[in-house]
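Topology and contacts: notes
This is what each chain is made of:
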Amino acid sequence: MFHIYRTTVRPRRTPVVGFLRRILQPPGRTAFPRPSWPVRYCSANVRTFDTMLSARRTEARRSILVQVSSERSYNELYHYCSQFGNIETAHHYRVEGDSDGDCHYILLEYSSTSEADAAMQSGVFSTERPGVRARSIFMWFRTGPKPKLVVQEEPKRPLSPIDGTRSIEEADLNELLSAAETIDDQVKVLHRVTMLNDLGKRLRFLAVRQLESSLQGMFPQALAHPFGSSVNGYGRMGCDLDVILDLDSRSGEPPDRNSRLVYHTKATNPNERTQVQRQLESIGDVLQLFLPGVNSVRRILKARVPIVKYHHEHLDLEIDLTMNNTAGVYMSELLYLFGQLDERVRPLTFCVRRWAQSVGLTNQAPGYWITNFSLTMLVMYFLQQLKTPILPSINKLIQLSAASQQQDTLSLTRFGDSGEAGWALAFLKNPSIYGSFQSTNTSTLEQLLVQFFEFYSAFDFSQRAISLNIGGSILKPDHSPMYIVNPLETVLNVSKNVNLEETELFRMQVRNAVWLLEANGKETSTPAGSAGRAAEPWGLVSLFGPKQQERITPQMFFTKRMLNVKDIFDDVPSDETQSEHQRQYRNPAIKSQIAAIQRATKVEISKLSTGARPGSTTEARAATIEGTGVKLKRNTKRR
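Model, not experiment: these values are computed from the prediction. (Residues numbered from 1 in each chain as written. Predicted model: local features only at pLDDT ≥ 70, side-chain atom pairs only at ≥ 80, totals over all residues. Heavy atoms only, no water.)

**Structural notes on the nonpolar core**
Generally speaking, nonpolar side chains in soluble globular proteins are found buried as a group. Membership of the largest hydrophobic core comes to 115 residues, with the highest contact counts inside it found for Phe-338, Trp-355 and Phe-506. Counting 16 residues, the second-largest nonpolar core is a separate cluster that includes Ile-64, Phe-84, Tyr-110 and Leu-159. (Core = buried A, V, L, I, M, F, W, Y, C linked by side-chain atoms within 4.5 Å. Buried < 20%, exposed > 50% of the residue type's maximum accessible area, 1.4 Å probe, protein only.)

Structure, rendered in structure tokens:
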């Protein structure tokens, strides 16, 4: 009898103090080591956006995911799976389950794709768990015969992370931030402990691989392009995965004229939007019915961009799937490029996003508030506006790319969209652009954070629009409260959804943030244990504290109505004493005005009910009620 064992035993938590030592300043090393790949200069091993995607796809192609009873099953799993090839890395994580306990998974990466294929093809289907028999990289490790009483050697590859997808808790994060020496260190710690880690990226590319492999039987050229925070370098732990599906990635290539055999194809709907909706609807059925781990498929086909949302229970991941929306990939590549130009860009962006979330400026659900993408655009524009810019304008990057000698070697190979791909060819596809600009600005992250809040506290959102293309502000083309020009399609507004109330709230919050950072420095905070009191929050802890939600709210800047409009036309109660007791007015003049309006309304209603026709000129005019200044207009014609 086969079983999937689950356990509720949680791994022992790492002490915060030891974790802090590894993050802040390990002995003999710099406080925050740079990435292992070149960032600030161009070389043969430059880590461009395309090379990063290619490396992650290769990792996913060499990997399998196995569900186990707990991390203690790793030794037995390692020795069993080693018969198929050499295991390079192993990662463990846990997905919170139901009353039966949590689900534990181990991700195994082999040295080659053939070894991973051999491990996957060795799997069998369970005869006791009926279901659709779909072969995939998602498997579970069943119990086997009892091992012989022989001491097994330790695995050559240790299980690197334990529970690698668990986000840091708020209390632990505040403790780490409080133990830092400066606000600059706090920003770096925040970035290091909350950003999407290596395991999180591996799991997202496993989801991409599953989606591609499920469709490539019918569509051999089908590719799934991840975009958004999962690949642009600004993703945090637990972020969603955005994917663009291209069923024919080589449609833009010219066909072979020597071949006389041509495939028959199915006629498509002349309306491209309708065709995309029908294709996404069918793909949603495939996801729901056949792919293991996929559940909660929701089809949002009437939106401006049709989308299919689903949850992957084995990866504990929310996925958004779209089609023919290539702009998201190019925008992700642009943001990735900005993050590679200077190592301060991503930590500063993480800090601003975390601050916006703590004060209620952003929300996970779509609405009229500022999005993380708009906040990222604001950070990029701010870094362009400094006296010594940290980031260049997009037009400047295009000029730097045009000055290089590698344009002739570039080729148009992606998506086949000449418009957007031509724009990307201007600089995104030129590897030398990653080392063409180096800023001489030496400001710390603490200084940049304060300057960011000061800059937008004085920015004129009512008249000016933000343009990253020119690296400056322009007059707003319309009356949107906040206008950020879309770098890809300059006629569009990135922040079109933001209303006036949220724009004013943003300005008030950045002013409040400046005051908090000045008033709650480490030198002004009370250390723990002094006078028997706990340490007061300082720096980012005071900026992200729970009291932020109470300091500033939209109701402070937009006066509430003194009276509901519908109350004006309610019937006057017969008992005037009871009515006065139920309704109280702050101003006696308002009370008399409301009473006069009610009396006049009752007179008009009685005239209409008796069939009186207001035919005279005097009755057709707007009647002014004495002492109120309110005019009641009534029609001169009745049907």
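**Describing unusual backbone geometry**
Notably, Ser-296 is not glycine yet its phi reads approximately 55°, a positive angle. When you line up the elements, Ser-296 lands in strand β7 (residues 294-300). The residue Asp-316 is not glycine, and still its phi comes out positive at about 50°. If you trace the backbone, Asp-316 turns up in the loop between β8 (307-312) and β9 (317-323). (Helix = DSSP H or I, 4+ residues; strand = E, 2+ residues; numbered from the N terminus.)

**Points about the pattern of salt bridges**
Counting across every chain of the model gives 22 salt bridges. Between Arg-94 and Asp-102 there is a salt bridge, with the nearest N and O atoms lying 3.0 Å from each other. On the basis of relative accessibility, which here comes to 10%, the residue Arg-94 falls in the buried class. Between Asp-198 and Arg-202 there is a salt bridge; the shortest N-O distance is 2.7 Å. Highlighted residues: Asp-198 and Arg-202, both in helix α7 (residues 198-215), separated by four residues, approximately one helical turn. (Salt bridge = Lys/Arg side-chain N within 4 Å of Asp/Glu carboxyl O.)

**Concerning the sheet that holds strand β5 (residues 223-227)**
Here five strands make up an open sheet; going across it, the order is β5-β6-β9-β8-β7 and the pairing mixed. A single partner strand is all that each edge strand has here, and the edge strands are β5 and β7. Put simply, the sheet's adjacent strands are angled 25° from each other on average, direction ignored. Here five bridges tie β7 to β8, and the two strands are oriented antiparallel to one another. Bridge pairing in β8 links Val-294 to His-312. (Pairing = 2+ DSSP bridges. Axes fitted to C-alpha atoms, helices over the stretch in contact; angles between N-to-C directions.)

**Focus on the sheet that holds strand β3 (residues 103-110)**
Here we have four strands laid out as an open sheet, ordered β2-β3-β1-β4, and mixed in their pairing. Whereas interior strands pair on both sides, the edge strands pair on one side only; in this sheet they are β2 (87-95) and β4 (138-140). With strand direction ignored, the average angle separating the axes of adjacent strands in the sheet is 25°. The sheet contact formed by β2 and β3 spans eight bridges and is antiparallel.

**Observations regarding the pairing of β5**
Along β5, four of the five residues are buried, which leaves the element largely enclosed by surrounding structure. Here β5 pairs with strand β6 (residues 241-246) via five bridges, running antiparallel. Looking at the pairing, Pro-226 lines up with Val-243 of β6.

**As for the side chain of Asp-163**
Among the structural elements, Asp-163 can be located in the loop between β4 and α5 (170-179). Residue class for Asp-163 comes out buried when judged on its relative accessible area of 8%. A polar side-chain atom of Asp-163 sits 2.9 Å from a polar atom in the side chain of Arg-94. (Polar contact = N/O pair within 3.5 Å; in protein donor to acceptor, adjacent residues only side chain to side chain.)

**Here's the deal with the confidence of the model for the protein chain**
In this model, the protein chain carries an average pLDDT of 79, and 75% of its residues clear a pLDDT of 70 or more. At the low end of the mean pLDDT range in the protein chain sits strand β13 (residues 631-632), at 39; at the high end sits helix α11 (residues 372-385), at 96. Segment residues 549-555 is flagged for pLDDT under 50; beyond a separation of four residues in sequence, or across chains, it makes 18 contacts in the model. Contacts for the low-pLDDT stretch residues 614-639, under 50 throughout, to residues beyond four places or in other chains number 32 contacts. (pLDDT = per-residue confidence, 0-100. Contact = heavy atoms within 4.5 Å.)

**Considerations on the environment of Ser-332**
Of note, Ser-332 is situated in helix α9 (residues 327-341). Here Ser-332 falls in the buried class, since its relative accessible area comes to 3%. A sequence separation of 98 residues divides Ser-332 from Tyr-234, and the C-alpha atoms of the two residues are 9.7 Å apart. Leave out the neighbours within four places in its chain, and Ser-332 touches Phe-49, Phe-227, Gly-228, Val-231 and Asn-232. Looking at Ser-332, its side chain comes within polar contact range of the main-chain oxygen of Gly-328, at 2.8 Å.

**Some words on the packing of aromatic side chains**
Evaluated as defined, the whole model comprises 22 aromatic pairs. Each ring, one from Tyr-336 and one from Tyr-434, has its centre 6.4 Å from the other, and the planes form 65°; the classification is edge-to-face. Of this pair, Tyr-336 sits in helix α9 while Tyr-434 sits in the loop between α13 (418-425) and α14 (445-457), and the two are 98 residues apart along the sequence. In this structure Tyr-336 comes out as buried when scored by relative accessible area, which is 4%. Residue Tyr-434 is classed as buried on the basis of its relative accessible area of 2%. (Phe/Tyr/Trp six-rings, centres within 6.5 Å; stacked < 30°, edge-to-face > 60°.)

**Section: the pairing of β8**
Burial analysis of β8 places five of its six residues in the buried class, the great majority of the element. Here β7 hands over to β8 after six residues, the two strands then running antiparallel side by side. Looking at chain direction, β8 and β9 are connected through five bridges and run antiparallel. Residue Val-308 lies in a different strand from β9, and its bridge partner there is Leu-321.

**Comments concerning α7**
Its 18 residues place the ends of α7 27 Å apart at the C-alpha level, agreeing with the 26 Å of an ideal helix rising 1.5 Å per residue. Of all 18 residues in α7, 14 are buried, a share of seventy percent or more. (Expected span 1.5 Å × (residues − 1).)

**What about α9?**
With 15 residues, α9 should reach 21 Å at 1.5 Å per residue; the first-to-last C-alpha distance of 21 Å fits that figure. For α9, the tally of buried residues reaches 15 of 15 residues, placing the bulk of the element in the interior.

**Description of the environment of Ser-82**
Along the chain, Ser-82 falls in the loop between α3 (74-81) and β2. Looking at Ser-82, the relative accessible area reads 28%, which means it is partly exposed. With 28 residues separating them along the chain, Ser-82 and Tyr-110 place their C-alpha atoms 9.1 Å apart.

**Concerning the packing of α14 against helix α15 (residues 500-519)**
Relative orientation and spacing of two packed helices are given, respectively, by the angle between their axes and the distance between those axes. Orientation of α14 relative to α15, taken along the N-to-C sense of each, is 145°, at an axis distance of 8 Å. α15 is crossed by α14, and the crossing has left-handed handedness. Between α14 and α15, the contacting residues are Leu-449, Val-450, Phe-453, Glu-454, Tyr-456 and Ser-457 on the first element and Phe-506, Arg-507, Val-510, Arg-511, Ala-513, Val-514, Leu-517 and Glu-518 on the second. Each residue belonging to the contact of α14 with α15 can be placed in one class, and the counts come to nine nonpolar, one polar and four charged. (Left-handed = near helix turned anticlockwise from the far one by under 90°. Nonpolar A, V, L, I, M, F, W, Y, C, P; charged D, E, K, R; others polar.)

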